[in-house]
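# Summary of structural features
As a plain string of letters, each chain reads:
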Amino acid sequence: MKNTFSILFIAFFFVACQQKINPADVAKLNGYWEIEKVSFEKEKDKDYSINESYDYFKIDKNNKGIRKKVMPQLDGTFLVNDAYENVAVRFADDKTYIDYSTPFTKWSEELITLKDDELVLLNAEKKEYHYKKTGPINLLGDGKKVK
């Protein structure tokens, strides 16, 4: 009986600790995100120590916006192109989703964690993408501030 109670308590603890994402939290998506690792359901995690590109999100007050891939440069600037994905944040069944669309396809990812410096997304293949908030790099040491 004690074991059953302990197991139920631990299970309840993990369910209760899962972050509930509120509409006010969506603004935290804005900015540059660098992938840290991908967690697979039945495989070993894949860590990313160096990234050639970041994901840039720009979401408005209506929970709509874009996601672009940008490439940081050593002087603090970013290389960008005209490609982007339309993004809409959706709340359904006590979960939060990011719906993506391009002229060619549509897909969704579940927003698992959204903090000031941490982002976790779960896709349809049960892969968890773990990101950290980042910004421009300036390795030139020229003292100039980057926008």
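This text gives an overview of the structure that appears in the document.

What follows covers the overall build of the protein. A tally of helices and strands in the protein yields one helix and 10 strands. Listing the helices and strands of the protein from first to last along the sequence gives α-β-β-β-β-β-β-β-β-β-β. Taking all 147 residues of the protein together, 31% fall into the buried category. By sequence separation, contacts in the protein at least 24 residues apart represent 44% of the contacts at least 6 residues apart.

Tallied over the full model, the rule gives eight salt bridges. The shortest N-O distance in the salt bridge between Arg67 and Glu85 comes to 2.7 Å. Here Arg67, found in strand S4 (residues 64-72), pairs with Glu85, found in strand S6 (residues 85-92); they are 18 residues apart in sequence, far enough to count as distant. Here Arg67 matches Glu85 in class, with each residue buried. For Lys115, the salt bridge is made with Glu118, and the minimal N-O distance between the two is 3.6 Å. Here Lys115 falls in the partly exposed class, since its relative accessible area comes to 39%. Judged by its relative accessible area of 28%, Glu118 is partly exposed. Salt bridges sharing common partners tie together Asp55, Arg67, Lys69 and Glu85.

Looking now at a negative patch on the surface. On the surface, a cluster of negative charge is contributed by Glu36, Asp47, Asp116 and Asp117. Counting through the fold element by element, Asp116 comes out in the loop between strand S8 (106-114) and strand S9 (118-122). A relative accessible area of 57% places Asp116 in the exposed class.

Here we come to the packing of aromatic side chains. Taken as a whole and judged by the stated rule, the model has four aromatic pairs. Ring plane angle 40 degrees and centroid distance 4.8 Å describe the contact between Tyr32 and Tyr56, whose orientation is recorded as tilted. Placement of the pair is Tyr32 in strand S1 (residues 31-39) and Tyr56 in strand S3 (residues 54-59), with a sequence separation of 24 residues. Ring geometry for Tyr100 and Trp107: centres 5.0 Å apart, planes at 15 degrees, overall stacked. Residue classification places Trp107 among the partly exposed positions, given a relative accessible area of 27%. Through a chain of ring-to-ring contacts, three or more aromatic side chains come together here, namely Tyr32, Tyr54, Tyr56 and Phe78.

Residues other than glycine seldom take positive phi values, yet Asn63 does so here, at roughly 65 degrees. With respect to the secondary-structure elements, Asn63 resides in the loop between S3 and S4. Unusually for a residue other than glycine, Asp94 sits at a positive phi of about 60 degrees. Within the element layout of this structure, Asp94 appears in the loop between S6 and strand S7 (95-101). The exposure class assigned to Asp94 is exposed, which follows from its relative accessible area of 70%.

What counts as what
- Residues numbered from 1 in each chain as written.
- Predicted model: local features only at pLDDT ≥ 70, side-chain atom pairs only at ≥ 80, totals over all residues.
- Heavy atoms only, no water.
- Helix = DSSP H or I, 4+ residues; strand = E, 2+ residues; numbered from the N terminus.
- Buried < 20%, exposed > 50% of the residue type's maximum accessible area, 1.4 Å probe, protein only.
- Contact = heavy atoms within 4.5 Å.
- Salt bridge = Lys/Arg side-chain N within 4 Å of Asp/Glu carboxyl O.
- Patch = residues over 30% accessible without salt bridge, like charges linked within 9 Å, V, L, I, M, F, W, Y side chains within 5 Å.
- Areas by Shrake-Rupley, 256 points an atom, 1.4 Å probe, with all protein chains shown as cover.
- Lys, Arg positive; Asp, Glu negative; His and termini not counted.
- Charge placed at Lys NZ, Arg CZ, Asp CG, Glu CD.
- Phe/Tyr/Trp six-rings, centres within 6.5 Å; stacked < 30°, edge-to-face > 60°.

Fair warning: the whole summary comes from geometry, so function is off the table for now.
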